[in-house]
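Below are the chains, spelled out letter by letter.
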Amino acid sequence: ALDGASVRVTIEDNGQGFDVDKVLSSPSGRGLQNQRRRARSIQGTISWESRPTGTRFMLWLPLAREAVGA
């Protein structure tokens, strides 16, 4: 969805869910941390909401990015 000068992507499923904080703090799993790092690298944000009835993934990206110094 367009949201002013940005785009918002939401993906939901109806799976069993998981503990987002536990996964983000775990040294063994890096998938969510990699998603977060990649979003930040293009000035976006990412979040997850998870419950026993499913998970919602939300990504916000600016349509125009500020130049980053070398």
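It should be emphasised that the depicted structure is a prediction, and the values quoted were computed from it without experimental measurement.

Visitor: Would you take a moment to explain the environment of L32 for this structure?
Guide: Relative to the helices and strands, L32 resides in helix α2 (residues 31–41). The exposure class assigned to L32 is buried, which follows from its relative accessible area of 12%. Through-space distance from the C-alpha of L32 to that of V20 is 8.8 Å; in sequence the pair is twelve residues apart. Residues in contact with L32, not counting those within four places in the same chain, are F18, V23, L24 and W48.

Visitor: Looking at this structure, how should I read the sheet that holds strand β1 (residues 6–12)?
Guide: Pairing between sheet strands relies on hydrogen bonds along the backbone, with the strands arranged either parallel or antiparallel. Reading across from one edge, β1-β3-β2 is the order of the three strands in this open sheet, with antiparallel pairing throughout. Sheet topology places β1 and β2 (45–51) at the edges, where each strand pairs with a single neighbour. Neighbouring strand axes in the sheet, compared pairwise and without regard to direction, differ in orientation by 10° on average. Judged from the seven bridges that link them, β1 and strand β3 (residues 54–62) form a sheet pairing that is antiparallel. Bridge pairing links E12 to R56 in β3. Contacts from α2 reach β2 and β3 within the one sheet, and its direction differs from that of β2 by about 150°.

Visitor: Teacher, can you tell me more about unusual backbone geometry here?
Guide: Glycine aside, the phi torsion of most residues is negative, and most peptide linkages are trans. Notably, Q43 is not glycine yet its phi reads approximately 60°, a positive angle. Considering the arrangement of structural elements, one finds Q43 in the loop between α2 and β2. By relative accessible area, Q43 is classed as partly exposed at 28%.

Visitor: Is there a simple way to explain the pairing of β2 in this structure?
Guide: Successive residues of a regular strand alternate their side chains across the two faces of the sheet. Pairing of β2 with β3 involves seven bridges; the strand directions are antiparallel. Among the inter-strand pairings, I46 is bridged to a residue of β3, identified as L59.

Visitor: Can you walk me through the nonpolar core in this structure?
Guide: Most often, soluble globular proteins keep nonpolar side chains buried together rather than apart. In terms of nonpolar packing, the biggest core is built from nine residues, these being V20, L24, L32, A39, I46, W48, F57, L59 and L61. If you list the elements that add at least two residues to this core, you get α1 (20–25), α2, β2 and β3. Among all residues touching I46, those that are not within four sequence positions of it are Q35, R36, A39, F57, M58 and L59.

The rules behind each value
Residues numbered from 1 in each chain as written. Predicted model: local features only at pLDDT ≥ 70, side-chain atom pairs only at ≥ 80, totals over all residues. Heavy atoms only, no water. Helix = DSSP H or I, 4+ residues; strand = E, 2+ residues; numbered from the N terminus. Buried < 20%, exposed > 50% of the residue type's maximum accessible area, 1.4 Å probe, protein only. Contact = heavy atoms within 4.5 Å. Pairing = 2+ DSSP bridges. Axes fitted to C-alpha atoms, helices over the stretch in contact; angles between N-to-C directions. Core = buried A, V, L, I, M, F, W, Y, C linked by side-chain atoms within 4.5 Å.

These results come straight from atomic positions and should not be treated as a statement about function.
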